[in-house]
Amino acid sequence: MLFLDSMLPPRQIQVEQVKHLQSRWCETCKITYGSGAISGFFSNDNVLVGDLVVKNQKFIETTRETSVSFIVGKFDGILGLGYPDISVGKAPPVWLSMQEQKLLADDVFSFWLNRDSDALSGGELVFGGMDPDHYKGNHTYVPVSRKGYWQFNMGDLLIDGHSTGFCAKGCAAIVDSGTSLLAGPTAIVAQVNHAIGAEGIISMECKEVVSQYGEIILELLIAQTQPQKVCSQIGLCLFDGTHSVSNGIESVVGKENVGSDVMCTACEMAVVWIENQLRENKTKELILQYANQLCERLPSPNGESTVSCHEMSKMPNLAFTIANKTFVLTPEQYVVKLEQSGQTVCISGFMAFDIPPPRGPLWILGDVFMG
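About the criteria used
- Residues numbered from 1 in each chain as written.
- Predicted model: local features only at pLDDT ≥ 70, side-chain atom pairs only at ≥ 80, totals over all residues.
- Heavy atoms only, no water.
- Pairing = 2+ DSSP bridges.
- Helix = DSSP H or I, 4+ residues; strand = E, 2+ residues; numbered from the N terminus.
- Axes fitted to C-alpha atoms, helices over the stretch in contact; angles between N-to-C directions.
- Contact = heavy atoms within 4.5 Å.
- Core = buried A, V, L, I, M, F, W, Y, C linked by side-chain atoms within 4.5 Å.
- Buried < 20%, exposed > 50% of the residue type's maximum accessible area, 1.4 Å probe, protein only.

(A) Spotlight on the sheet that holds strand 10 (residues 171-175). Here we have five strands laid out as an open sheet, ordered 7-10-20-11-19, and mixed in their pairing. With partners counted over all chains shown, the strands left at the sheet margins are strand 7 (150-154) and strand 19 (350-352), one partner each. For this sheet, the mean inter-axis angle between neighbouring strands, taken without regard to orientation, is 25 degrees. The pairing of strand 11 (residues 182-184) with strand 20 (residues 362-365) spans two bridges and is classified as antiparallel. Note on strand 20: the bridge partner recorded for Leu 182 is Leu 365. Sheet contacts for helix 3 (residues 186-196): strand 11, strand 19 and strand 20; angle to strand 19, the most-contacted strand, approximately 140 degrees.

Below you can see the structure in the form of structure tokens.
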């Protein structure tokens with residue numbers, strides 16, 4: 001089962017005070033996750049985690065769950081491990097309570113996710129250190145760039161050692177154990193889909209941009225035009241001084257011109273793809289052909305894209321650049337195998353998730369990466 005939590009989409013939080021019949025105040029709350037919602041009220045109690053007793057921990061007792069994910073997954077609860085900055089009702093996360101109560105030998109928590117679906121143990125969460133039985137070599141540390149989720153800066157994503165371009169100058173990334181897949185910018189996920197043969201959707205707006213403006217985009221890039229200004233120069237986007245934005249016109253009912261927004265987005269993706277191919281010294285015909293092919297491999301808005309289980313040996317390695325080091329994922333690691341009606345179905349571990357500046361572009365490195 002694929003479980004996408006608070007990051008898809010960002011959760012909505014509601015906290016209020018209600019008075020019970022017993023004449024005491026009770027703090028109620030509701031959290032909307034990407035896969036459903038829960039509601040309930042806050043309580044305090046001592047919490048046993050392994051052999052640690054966390055005293056007077058604030059937590060939510062859920063009275064309502066509105067998602068089949070919670071039923072199918074048979075969850076006993078959700079253990080939030082984000083920063084207190086995004087905590088509902090300002091409740092301290094359990095790891096912070098452990099730290100403040102000096103229960104840990106080291107202020108660290110670590111995951112081992114077992115990717116062997118036949119194993120009895122699904123993995124391990126260690127508070128206060130790391131289990132040396134589950135890793136080799138040294139860990140790489142990267143500073144947290146923004147507190148809330150565990151967010152940091154990352155670099156390029158490489159397909160068989162070749163740049164995908166969009167994050168070459170940097171993107172934000174979040175490590176999130178509650179997200180099953182890897183979620184990132186459409187401009188990159190489309191290139192991944194093309195490289196691994198994942199099924200996608202055809203965007204006629206994208207093909208129109210490549211057909212009508214592809215050569216102009218190519219010429220502007222060859223003339224050293226700044227990539228972020230190309231789409232504004234050809235009239236598909238506006239430039240706000242740092243990046244392109246849609247030139248959609250507000251209507252009388254306040255809705256943006258969706259067509260203009262789609263064309264602007266398609267143009268920005270085409271610029272990334274064409275610039276990448278220019279670095280590879282490809283001919284004009286091959287560059288435009290490649291961009292047109294990517295217009296047929298855009299990630300499905302429903303999330304997952306299927307791939308052929310029989311073609312995995314031909315798929316490329318993919319690598320994330322973090323702290324100037326590359327973390328390589330093999331096809332066996334980024335393709336997720338699911339059993340459906342007695343048959344094995346393979347899906348890409350990548351899905352599209354676009355966050356505009358200044359918060360984005362953003363990657364969510366979920367269980368596929370962590371495992």
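Still to come is the rest of the account.
(B) Representation of the nonpolar core in the model. Within the largest apolar cluster, 39 residues are counted, with the highest numbers of intra-cluster contacts made by Leu 182, Phe 320, Tyr 334, Phe 350, Trp 363 and Leu 365. Look past the residues within four positions of Leu 365 in its chain and what remains in contact with it is Phe 152, Ala 173, Ile 174, Val 175, Asp 176, Leu 181, Leu 182, Phe 320, Ile 322 and Met 370. By size, the runner-up hydrophobic cluster in this structure holds 31 residues, among which are Cys 206, Ile 217, Val 272 and Ile 287.

(C) Quick look at the pairing of strand 10. The element strand 10 is extensively covered by neighbouring structure, given that four of its five residues are classed as buried. As judged from the five bridges shared by strand 7 and strand 10, these two strands associate in the antiparallel manner. Paired with Gln 151 across the bridge in strand 10 is Ile 174. Note that strand 10 and strand 20 share four bridges and pair parallel. Across the sheet, residue Ala 173 finds its bridge partner in strand 20, namely Trp 363.

It is worth stressing that arrangement in space is one thing and function is another; only the former is reported here.
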